[in-house]
Amino acid sequence: MGLTKSQSESLSQRVLDLVEADGANVRITDSEDLQLRYANNDITSNGLVDRIKINLSVSYGKRSASIALNQTDDETLKAAVKKVQTMAKLAPEDPEHMPPLEPTEYLEPRTFSEATAALTPEQGLAQIRPVIEAARAAGVDSAGYLERSLSSATLANSNGLFVYEPSTSVNYSLTARAAEGRGSGWASTQVTDLADLDLEPVGARAIEKALASKNAEERAPGRTTVVLEPAAVRDLISLLFWKLGRRGFDEGRSFLNGLVKEGEDPIGKELFGNKATLFSDPQNGSAPCGIHDYGLPRKKTSWIENGILKNLEVGRFWAQEKGISPQPAAGNIIMRGEGRSMDELIGEVEDGVLITRLWYLRMVQPQTLLYTGLTRDGTFAIKDGKIANPVKNFRFNESPVNVLKNIVASGKQTRVMGSEGSMPMFVPPLLVSDFNLSSVSDAS
Amino acid sequence: MHRRDWIKGTSAAGLALISNRWSATAAEAAGLSDRFPGLAEIALNKAQSLGASFADFHVMQTDKESLYVREEMVQGVDAGSSLGCSVRVLVDGAWGFAASEEISGAKVASLVEAAVATAKGQAGWRSQRIEIENLPAHVGKWELPIEVDPFMVSLEEKVERLLGINRSALGAGANYCYSYVSIVRERKWLANTFGSRTEQSRVRIHPSFSITVVDQKKGEFASRASMLPPRGAGFEHLRDWDAVAEAALAVEQAKEKMVAPSVTAGKMDLVIAPSNLWLTVHETVGHPTELDRSLGYEANYAGTSFCTPDKLDSLQYGSDIVNIFADRTADNGLATIGWDDDGVATAGKEFPIIKDGIFRNFQMAVGQAELIGREGGSNGCSYADAFDSFPIQRMPNISLQPGKDDSVTAEDLIAGVEDGIYIDGNGSWSIDQQRYNFQFTGQVFHRIKNGKLDGMYRDVAYQGNSVDFWNACDGLGGKDTYELGGAFNCGKGQPGQVAPVSHGAVPGRFRQINILNTAEESGKKVASLDPTKVNRSCHCSGGGNTSWA
């Protein structure tokens, strides 16, 4: 990583010193990513990539423009500032433009680990090698991806605001496939601190699922009791949170509008059953996140408590319009779990399906927040409280609203990756009734 | 502030400045190879001295501008530029790669060392060596022809066009409307150890809008997005678009859609406009026939493919009227380029993926043809989306060819349907991890009754299996119905990359396709409406590139 706090401060000040406009925000992200990808049990594409990105937005009253660049020499900086100031002067006034924030207090970030930062390509390869060799020994093909992200994010503005956040993460996932019998299994892990990284059990889980999912039988689609592993849960939750905004509701074009009567406010209403509790906490020890949202400080925030909606994201302009406080978007999600083991959750199911993960989730109907997607890489029938046999995958059509309403029980939280986004999440597996598995897929 | 006051405040000097390229320095105006002399030689010589059997050096600059307007508020005036270099090496049968925005002799040398170290770190435990074919050397420059450089068009004109769209929509009764335009110039310089030295430049543009109508009493809303696709083109693509007329029509259609009868789920015949069918081509033919996906390289992300090498020349992928061809040379194609990112020339490399319904070819990058015993090597399908991306196999332009009868129109196809749906515009899309089971929606669903359009449906999705779907095709429009669709942002790979790609299509008729009612899928009880009381404003697109004339 190139930029320390003082270097970030110095670079952002160099940019701000060139600005003549009334207001300016400078965002600098600087990263060094180690990317190790493999397929068919051999490393394929890979890279060690360092990059810097500067976003400068300037305003003259309510006229504004922004520019992005990735070079830091004086000539390029001057040219960029000149261009964006010209653009801003020519832009029409935006009545919703908000001036730069005043300096404020932020929580201490908890998103950096020296050990993660120091990981070299050779050490990364050494982490992956035993997992690949285990796959070879088990007679399965494996494909996987390890990414060590080492970055800093800086926000500085013309009012003297300055906030610097270093962060590290390691994301790892792998898919193991058994050619004979078309079995496929997947597992993942996501950590901030390298000390918490242990790839071998992750690999073992994927291999076990691949071997267990061979010769899958077809099961009839329909509304079904399911046990969703945490990777599936986090995808559905993240799709819900993309749409938990105050403005969309006030304008009449949110799924929330269909859940309340005309004139009612959704906050304070039990809209998500009575077993769902979700909150954000930037300093959560298991899944820490960034401490601000474009300068708005993040704090511990309750979103849904026992199914009752407690908060909605509110941007600065809309908060001003409505005379309420702005509410930054969630930077992480922690969902409360009852702490039951997977065996206990499965043990409660007379007839249902265990789902490892979901894939290709897309909005079908924004009015009901209906999403479609597929199950993948480890889908099993449950009978009389036990895993019975592997089943073919399904396409589902379901709303995360219904999923939360239909929670029967929940397990122990864990931090894993998903298919949709990389927001840190610490979520439990869920036992859910009436999940709409709408058609069978032949995909393994 | 009134719009006229803003225009009065605009000076000619200001407009000239805003029209300038990203930087006014002389160095910037020169080509990438001239701006960074000697670096290719440093990279390639060092790589070979450290044991590379192949190496390439890329410099890439991407300039962007975008404009976002919501109702009558200009909310996003953005520009940006990204410049950097990368080194890729093949050492002892293993790849290594490193990239940086710093472009200097010392940095390039260190990138080579890092890339070689990653390659050598795999020594002794790879199960198979990576081998690539010898490639001919190409030396030259290429530029996508366009009429009007969008970076030279004033901000004022861009703003006025988007405000015009929004005003048309609001005037027609939309509650909300946003419009935007995004333009990209991509410049690449490639040098490799086969002796290639190529420099290329291309531009693409994507204008779009979306309108929403709201019924606050019922807690309902409906949206309709524009149907103009992005293109490898200049500003003429936006100027030639009658967006004002389409915006007004979009509002009319959204209002009708909001009160249209909810479709009854079950099997129906479909006629699908090119504005929707291009994406079905992309998902059900484009992605399954990527060879790297078929061989397992994408298994940990988007999955694999039902289309395996043993199915070449034998799989009945579609009915015998279905022909789908690939190229990187089509006019205005988003994947059109002179040489791919392995340095393979694309001219003359056009190939059929499906011919007369039979699966004939995969899309391939360097080192892949040999893996399935195909002669001829790469067919030019390598692409890296940024200076810091490893080149991987990506889609060329992939297009559904017109039917044999040039006179067939969408109306002719509709005339052959007793009870069905005519689907126009893209909506939601999803397909499984081996490309079998798909589900798509659209923007507008016209009911077909006894060979004619008769009102609309709402809550429609069509779902099927890729091969069954294409084998259900029994009618295709003629050449005058051909339209070039596409996307800026096809996603693939880990880390993720996005690639622009075009897909030509004609209207197609498909028999007995599974239709879902999306409201029922969400668990809602669906109220039935009297279909005789809905408005009838049916517009049949599918005639060339001027759907809204």
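Above this note sits the structure.
Residues numbered from 1 in each chain as written. Chains lettered and ligands numbered in written order. Predicted model: local features only at pLDDT ≥ 70, side-chain atom pairs only at ≥ 80, totals over all residues. Heavy atoms only, no water.

A. Up close: the packing of aromatic side chains. All names here are of chain B. Tallied over the entire structure, the rule returns 24 aromatic pairs over all chains. For the ring pair Phe54 and Trp95, a centre distance of 6.2 Å and an interplane angle of 80 degrees mean the geometry is edge-to-face. Residue Phe54 is found in strand β1 (residues 52-70), and its partner Trp95 is found in strand β3 (residues 94-100); the two are separated by 41 residues along the sequence. By relative accessible area, which is 8% here, Trp95 ends up buried. (Phe/Tyr/Trp six-rings, centres within 6.5 Å; stacked < 30°, edge-to-face > 60°. Helix = DSSP H or I, 4+ residues; strand = E, 2+ residues; numbered from the N terminus. Buried < 20%, exposed > 50% of the residue type's maximum accessible area, 1.4 Å probe, protein only.)

B. Region of the structure containing the interface of chain A and chain B. Every contact between the two is made by 95 residues of chain A and, on the other side, 94 residues of chain B. In this assembly, chain A packs against chain B so that about 7,700 Å² is buried in total across both faces, 50% of it on carbon and sulfur atoms. When the buried area of chain A at its contact with chain B is split by residue, Arg37, Leu90 and Arg253 of chain A rank highest and sum to 9% of it. Linking chain A with chain B are six salt bridges. Here chain A and chain B share 55 residue pairs in polar contact (both at pLDDT 80 or more) between them. Top contributing element to the side of chain A that touches chain B by residue count: strand β2 (residues 42-60) of chain A, with eleven residues. Taken together, the residues of the side of chain A that touches chain B sort by class into 33 nonpolar, 34 polar and 28 charged. (Contact = heavy atoms within 4.5 Å. Buried area = accessible area lost by both parts, 1.4 Å probe. Salt bridge = Lys/Arg side-chain N within 4 Å of Asp/Glu carboxyl O. Polar contact = N/O pair within 3.5 Å; in protein donor to acceptor, adjacent residues only side chain to side chain. Nonpolar A, V, L, I, M, F, W, Y, C, P; charged D, E, K, R; others polar.)

C. Structural detail: empty space enclosed by the protein. Applying the stated criterion to the full structure yields ten cavities of 30 Å³ or more. Each pocket or cavity is described by its volume, and for the largest cavity that value is around 140 Å³. Along the wall of the largest cavity there are 14 residues; nearest its centre are Glu65, Ser66, Asp78, Leu155 and Lys158 of chain B. Within the residue set of the lining of the largest cavity, elements represented by two or more residues are β1, β2 (73-91), α7 (155-171) and β5 (176-192) of chain B. Its residues assigned to classes, the lining of the largest cavity shows nine nonpolar, two polar and three charged. Within this model, the second largest cavity holds a volume of roughly 100 Å³. In terms of lining, the second largest cavity is formed by Gln35, Arg37, Ser45, Asn46 and Gly47 of chain A together with Asp388, Ser389, Phe390, Ile392, Gln494, Pro495 and Gln497 of chain B. Of all the secondary structure elements, the ones that give two or more residues to the lining of the second largest cavity are β1 (23-39) and β2 of chain A. The greatest single-element share of the lining of the second largest cavity, amounting to three residues, is contributed by β2 of chain A. (1 Å grid on protein atoms, 1.4 Å probe; cavity = no way out; pocket = protein on both sides within 12 Å on 5 of 7 lines; lining within 4 Å. Points joined across faces, edges and corners; volume = space filled by probe spheres on them.)

D. Summary view of the sheet that holds strand β11 (residues 358-359) of chain B. Residues and elements named next belong to chain B. One open sheet accounts for four strands, arranged β11-β10-β9-β14; its pairing is antiparallel. Only two strands of the sheet have a single neighbouring strand rather than two, namely β11 and β14 (397-400). With three bridges joining them, strand β9 (residues 324-327) and strand β10 (residues 351-355) adopt antiparallel strand pairing. Opposite Ile324, over in β10, you have Ile354 as the bridge partner. Helix α10 (residues 274-286) rests against β9, β10 and β14 of the sheet, and its axis sits at about 115 degrees to β14. (Pairing = 2+ DSSP bridges. Axes fitted to C-alpha atoms, helices over the stretch in contact; angles between N-to-C directions.)

E. Here's a closer look at the sheet that holds strand β11 (residues 301-305) of chain A. Residues and elements named next belong to chain A. What the five strands build is an open sheet, ordered β12-β11-β8-β13-β19; its pairing is mixed. The open sheet has two edge strands with one neighbour each: β12 (308-309) and β19 (425-426). Along the sheet face, helix α6 (residues 230-241) touches β8 (278-280), β11, β13 (333-335) and β19 and points at about 120 degrees away from the line of β13.

F. Here's a closer look at the packing of helix α1 (residues 5-18) of chain A against helix α2 (residues 74-90) of chain A. Residue and element names in this part refer to chain A. Following both chains from N to C, one finds α1 and α2 inclined at 50 degrees, their axes separated by 9 Å at the closest point. In this view, α1 runs oblique relative to α2, as classed from their interaxial angle. Every pair of crossing elements has a handedness; the one defined by α1 and α2 is right-handed. Residue-level inspection shows Leu11, Arg14, Val15 and Leu18 of α1 in contact with α2, the latter providing Asp74, Leu77, Lys78, Val81 and Gln85. A per-class count over the contact of α1 with α2 returns five nonpolar, one polar and three charged. (Parallel < 35°, antiparallel > 145°, perpendicular 65-115°, else oblique. Left-handed = near helix turned anticlockwise from the far one by under 90°.)

G. Focus on the environment of Ser522 of chain B. Considering the arrangement of structural elements, one finds Ser522 of chain B in the segment after α14 (518-521). Discounting chain neighbours no more than four positions away, the residues touching Ser522 of chain B are Arg223, Gln365, Thr368, Leu370 and Asn402 of chain A. From its side chain, Ser522 of chain B meets the backbone oxygen of Ala519 of chain B in a polar contact 2.7 Å long.

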